[in-house]
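One-letter residues, chain by chain:
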Number of protein chains: 2
Amino acid sequence: MMVTHDREIDLVSRVLAAHGVPDAAAATQAEVLAEGDLRGQHSHGLQRLPIIVGRIDNGLTDPTAVPVARWVSESFLEVDGARGLGPVVAFDVVDRLIGRARDVGLAVGAVHNSNHLGMLAGYVERIAAAGQIGLVLTTSEALVHPWGGRRAMVGTNPIAVGVPTAAEPFVLDMSTGAVSRGKILAYARDGRPLPDGWAVDADGAPTADAGRAVDGAISPFGGAKGYALGLALELVVAGLTGSETGERVLGTLDAAAVCNKGDVFLVFSPEALGLSAVAERMGSYLDEIRTSPLASGATSIDAPGDRARRLRAERMAHGIPIEDIVWNAAEELLT
Amino acid sequence: MMVTHDREIDLVSRVLAAHGVPDAAAATQAEVLAEGDLRGQHSHGLQRLPIIVGRIDNGLTDPTAVPVARWVSESFLEVDGARGLGPVVAFDVVDRLIGRARDVGLAVGAVHNSNHLGMLAGYVERIAAAGQIGLVLTTSEALVHPWGGRRAMVGTNPIAVGVPTAAEPFVLDMSTGAVSRGKILAYARDGRPLPDGWAVDADGAPTADAGRAVDGAISPFGGAKGYALGLALELVVAGLTGSETGERVLGTLDAAAVCNKGDVFLVFSPEALGLSAVAERMGSYLDEIRTSPLASGATSIDAPGDRARRLRAERMAHGIPIEDIVWNAAEELLT
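Keep in mind it's a predicted model, so treat the numbers as computed, not measured. (Residues numbered from 1 in each chain as written. Chains lettered and ligands numbered in written order. Predicted model: local features only at pLDDT ≥ 70, side-chain atom pairs only at ≥ 80, totals over all residues. Heavy atoms only, no water.)

As for the environment of Thr299 of chain B
Alright, step 1. As for its placement among the helices and strands, Thr299 of chain B is situated in the loop between helix 9 (278–290) and helix 10 (306–318).
Alright, step 2. On the accessibility criterion, Thr299 of chain B (75% relative accessible area) is exposed. (Helix = DSSP H or I, 4+ residues; strand = E, 2+ residues; numbered from the N terminus. Buried < 20%, exposed > 50% of the residue type's maximum accessible area, 1.4 Å probe, protein only.)

Here it is in structure tokens:
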């Protein structure tokens, strides 16, 4: 089915209200889910709602939580998310960091005891819209095998980077896994073969059989380097937030455990640091790349964020495709 | 030929002294080159010496430079490298950042007007040895094509991450290019076919012909994601240091232009941030990964840095293989 953005926001808001989420928090969580669907990141879209609601109902997420934030030093904010909704905690932290970076050039936030952030793009977009440079790291359940291994020991640990330009911001938002778990489950359901490099089976052998991949592990993107990068991000986040690592990480894919992953936000204000015309310079450079000669067979060169922006505009105009089963599952949460 | 570590250090130190480099600076630069060769990163080893010396002789690098470092705020150090030798400037910055992070938990250094850093591993190892977490980013000449493009528009922009453990530190040091330019040149010289994914020809078509790759561009590691990551790192470094971007970056591969890339160092002290037992926890997690079940056909699971550490130990014991042509070129710089 096709739904408008307004209609998805309305449904999610009503569901969350029915489960005790205050209006402002519900609006934030609803926007983050709808943005996931608008940009084609459906694994961060409406299909997440049943787990979010289940966690609230089970007392694992407190939708009325007030995070406890403490400036350990001028530029470092330690945050206990108090089991709050991930996007609610995160946007509060981002806004504090933007303000502090405006004053002293740099602010870093380290969050524990919060819940799943959803798609990261929105956080770095908020930072870039303030004329600042942002990086966001977060960890997840172990879903990715180490290079040479077959057991999932590393999170899909995404990284997001936002940089202001004179026009639309640069927005990188990528997982260090080759693919999401949700996509492998969808391929398995549809009986479609997996592309090379996405996953291994239970023996650690690369497999195109999605059913076997479900019992195996997701591969890191880019081989050994992607494994190394994803692992580095897990260590950095755990080292700065005190969050759990590897197979001990729980609470973003289930409605049974307190969430013990961590989130790290880095915000820099070039202006406060004395650098001028950063947005203009970065925008010009990206335009040079976009207009550089195409490879044979290619039709365009994008900067990160371009494709999601086009898809978002098209879906705002013509509606968002949502699977019936996902919509119906969300509606059932109203009762 | 095989040379001992001491012999390589001795040769480099004598060459640098003969070109006006003070003893302490020569020792630092020599260690960084020798460490590159010890760990098999020969493109950051002795073969770099002729360019380093050429830059000094041409007045592009000032081996007696005193960098100008200024704390813009409590946690942000702006550094004008004053055209100094890259490793000399960088270790000075790293030491200042370690000291500041010890006091306030976090310190970031942004360096411009310095020279090539060489292998990054040593900088994050210094940070990890102080019980701190370090990230290093630096840019380079445009050598990598954007995804969908055929002209080299993005640097090989490496990232290094160091994390302390109870035993040896975690050390990630990786380029966002699939391979170094030096390796493609070596394959071309030997007439060997390139592995898939390393490079494209002048038309942007993937090629196994190293000779055609020399006229083309290096591919990003990991496809579109690696392109996006490398580009993000270039923007972050340029945005924080005021360094140049894309095809305007000069001065790490030539002896003709002032170096206008940038370097960013991020240092965090978990202890100063109130986090305990980080080294022990991270070490345990890495051991869990190393001892997790092997994939079929694999013989070991390494953490980043393990392989380089083994190679280093073996070469310290039995010598470093150096190509005759590289050694002879270095010796000629004595005269």
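Some remarks on the sheet that holds strand 2 (residues 68–73) of chain B
Residues and elements named next belong to chain B.
Alright, step 1. Spatial strand order, 2-3-4-12-5-8-9: seven strands in an open sheet with mixed pairing. The open sheet is flanked by strand 2 and strand 9 (170–174), the only strands paired with a single partner. Taking the axes of each pair of neighbouring strands and ignoring which way they run, one obtains an average angle of 10 degrees across the sheet.
Alright, step 2. As paired strands, strand 5 (residues 133–138) and strand 12 (residues 262–268) are joined by six bridges and run antiparallel to one another. By the bridge assignment for strand 12, Gly134 is matched with Val267. (Pairing = 2+ DSSP bridges. Axes fitted to C-alpha atoms, helices over the stretch in contact; angles between N-to-C directions.)

A few points about the relation of the copies chain B and chain A
Alright, step 1. Superposition of chain B onto chain A requires a rotation of 180 degrees combined with a translation of 0.0 Å along the rotation axis, giving an RMSD of 0.0 Å. Taken together, the rotation and translation relating the two chain copies correspond to the operation of a two-fold axis. When each C-alpha of chain B is compared by its distance to the rotation axis, Gly222 of chain B comes out closest, at 1.8 Å.
Alright, step 2. Same-surface contact between copies: 100% of interface residues of chain B are shared with the interface of chain A. (Least-squares fit on C-alpha atoms with pLDDT ≥ 70 in both. Contact = heavy atoms within 4.5 Å.)

Here's the deal with the pairing of strand 5 of chain B
All names here are of chain B.
Alright, step 1. Burial analysis of strand 5 places six of its six residues in the buried class, the great majority of the element.
Alright, step 2. Covered by surrounding structure in strand 5 are Ile133, Leu135 and Leu137 together with Gly134, Val136 and Thr138, the residues of both alternating faces.
Alright, step 3. Judged from the four bridges that link them, strand 5 and strand 8 (residues 159–163) form a sheet pairing that is antiparallel. Within strand 8, the residue paired with Leu137 across the bridge is Ile159.

A word on the side chain of Asn157 of chain B
Alright, step 1. Examined against the element boundaries, Asn157 of chain B turns out to sit in the loop between strand 7 (154–155) and strand 8.
Alright, step 2. The residues touching Asn157 of chain B, leaving out its near neighbours within four places in the chain, are Thr138, Thr139, Ser140, Ser175, Thr176, Gly230, Leu233 and Glu234 of chain B.

Topic: the sheet that holds strand 12 (residues 262–268) of chain A
Residue and element names in this part refer to chain A.
Alright, step 1. In spatial order, the strands read 2-3-4-12-5-8-9; together these seven strands make up an open sheet with mixed pairing. This sheet does not close on itself; its edge strands, each paired only once, are strand 2 (68–73) and strand 9 (170–174). When the angles between neighbouring strand axes are averaged without regard to direction, this sheet yields 10 degrees.
Alright, step 2. Where strand 3 (residues 76–80) and strand 4 (residues 106–112) come together, five bridges link them in parallel fashion. Note that in strand 4 the partner of Leu77 across the bridge is Gly109.

Overview of the nonpolar core
Alright, step 1. In this structure, Phe268 of chain A together with Phe268 of chain B are the most contacted members of the largest nonpolar core, which totals 101 residues.
Alright, step 2. Ignoring anything within four residues of it in the chain, the contact list for Phe268 of chain B reads Phe76, Val108, Leu240 and Leu266 of chain A together with Ala101, Gly105, Leu106, Gln132, Ile133, Leu135 and Leu273 of chain B. (Core = buried A, V, L, I, M, F, W, Y, C linked by side-chain atoms within 4.5 Å.)

Side note on the confidence of the model for chain A
Alright, step 1. Looking at chain A, the pLDDT average stands at 97 and 100% of residues meet or exceed 70.
Alright, step 2. Interface confidence for the predicted complex, expressed as ipTM, amounts to 0.97; the pTM equals 0.98. (pLDDT = per-residue confidence, 0-100.)

Digging into the pairing of strand 9 of chain A
All names here are of chain A.
Alright, step 1. Burial of strand 9 is extensive: four of the five residues sit out of reach of the surface.
Alright, step 2. Note that strand 8 (residues 159–163) and strand 9 share five bridges and pair antiparallel. Counted as the bridge partner of Ala160 is Asp173 from strand 9.
Alright, step 3. Here strand 8 folds back onto strand 9, and the loop between the two strands holds six residues.

Considerations on the interface of chain B and chain A
Alright, step 1. Across the contact, 77 residues belong to chain B and 77 residues belong to chain A.
Alright, step 2. Taken together, both faces of the contact between chain B and chain A bury some 6,000 Å²; the carbon and sulfur share is 69%.
Alright, step 3. Three residues, Lys225, Leu235 and Tyr285 of chain B, lead the burial of chain B against chain A; their summed loss comes to 12% of the area buried on that side.
Alright, step 4. Between Arg281 of chain B and Glu244 of chain A there is a salt bridge, with the nearest N and O atoms lying 4.0 Å from each other. (Buried area = accessible area lost by both parts, 1.4 Å probe. Salt bridge = Lys/Arg side-chain N within 4 Å of Asp/Glu carboxyl O.)

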